[in-house]
Amino acid sequence: MTNEFNFENPDYIAEWNDHLSRVDGFSERSHDLGEWEHLWEQCGPGMWHRGEVHPLLVRHIDRLEDRRRAPLKVLIPMCGKAEELVWYAKRGHIVTGIEFADKGIQEFFRVYDLPYDRVMEEGVVRYSAKSLPITIYKWDALKIDQLFQDPFDIIHDRGALGSLLRKEFQPVYVASMKRLMNVDTRYALIVFHFGSKYNHEGAPWDMPTDEVAQLFGNDIELDHVMSDDYPLWGNRKEAFYVLRLGS
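Not measured: the values here are computed from a predicted model.

Each value, and the rule that gives it
Residues numbered from 1 in each chain as written. Predicted model: local features only at pLDDT ≥ 70, side-chain atom pairs only at ≥ 80, totals over all residues. Heavy atoms only, no water. Core = buried A, V, L, I, M, F, W, Y, C linked by side-chain atoms within 4.5 Å. Buried < 20%, exposed > 50% of the residue type's maximum accessible area, 1.4 Å probe, protein only. Helix = DSSP H or I, 4+ residues; strand = E, 2+ residues; numbered from the N terminus. Contact = heavy atoms within 4.5 Å. Phe/Tyr/Trp six-rings, centres within 6.5 Å; stacked < 30°, edge-to-face > 60°. Lys NZ or Arg CZ within 6 Å of the ring centre and 35° of its normal.

(A) Representation of the nonpolar core in the model. Core analysis: the largest hydrophobic core is formed by 35 residues, its most contacted members being Y173, Y187, L189 and F216. Elements with a minimum of two residues in this core: α6 (160-163), α7 (170-178), β7 (186-193), α8 (209-216) and β9 (237-245). When residues of this core are assigned to their parent elements, the largest contribution, 4 residues, is made by β9. In contact with Y173, other than residues within four places in its own chain, are P77, A141, L142, D157, A160, L161, L164 and Y187. Counting residues in hydrophobic clusters, the runner-up holds 31 residues, among them W87, V95, I190 and V242.

(B) Structural detail: the packing of aromatic side chains. Within this structure, the stated rule accounts for 9 aromatic pairs. Between Y137 and F148 the ring centres are 5.5 Å apart and the planes differ by 85 degrees, which places this aromatic pair in the edge-to-face class. On the criterion of sequence distance, the pair formed by Y137 in strand β5 (residues 134-138) and F148 in the loop between β5 and β6 (154-158) is long-range, its members being 11 residues apart. Take Y137 and F148: they sit in the same class, and that class is buried. By way of ring pairs, the aromatic residues F108, F109, Y112, Y116 and Y127 are connected into one cluster. Just above the ring of F152 sits the side chain of K73; from NZ or CZ to the centre is 5.7 Å.

(C) Seen up close, the environment of K167. Within the secondary structure, K167 is located in the loop between α6 and α7. A residue is classified by how much of its surface remains accessible, and K167, at 29% relative accessible area, is partly exposed. Taking the C-alpha atoms as reference points, K167 and A203, separated by 36 residues in sequence, lie 8.2 Å from one another. With sequence-adjacent residues up to four places away left out, K167 is seen in contact with W205, D206, M207 and E211.

Have a look at this one:
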């Protein structure tokens, strides 16, 4: 497949659906993590990354740091080689990434030319940068709460929730994320708003505000900060939310 999204093009939509249907082990109900690795291998990193720190994050970082001083503990689920890993670390924060695809993790350290240590403890592979406070775990995005006992100060979710390969995985993922929150956690959620003309069924999912609110439940305060155009997909929107547990 091409590395450039083009969901305005019906031929691309057909190609994407056909590709997913041919992924080894891909089925309607499975949670085969090999599928995710296979997508990384076949589609390449271009499909997962914007190529810059997200402008909405830069514009609204004060909403997340919320007058708290570094270092804050930041979690980035399904991080791949996200630019935000380094960006948060250079702001003085302690950054934890979760990614199952080894290729994504290795691409990150290669692109930023960061020496790292790779260790396995109790069946969990951990990559730790030597020069920045960044650690990436090779782990299942639906079970992140099994790795950590304490909540995070910031959870940065740009596309993780919306990129889960099955819609039915979303409540499981959200429950795991909420167990890593307390009243001081600020959860940055960036998802797509495609509108009524979008005719693709599957990941990445259209995530309207009412659906996000229903997924996270009544105990979560949901602040829709703003929406902005996503440059690769014409007039499609990315919506930026800040979530917090109700006090």
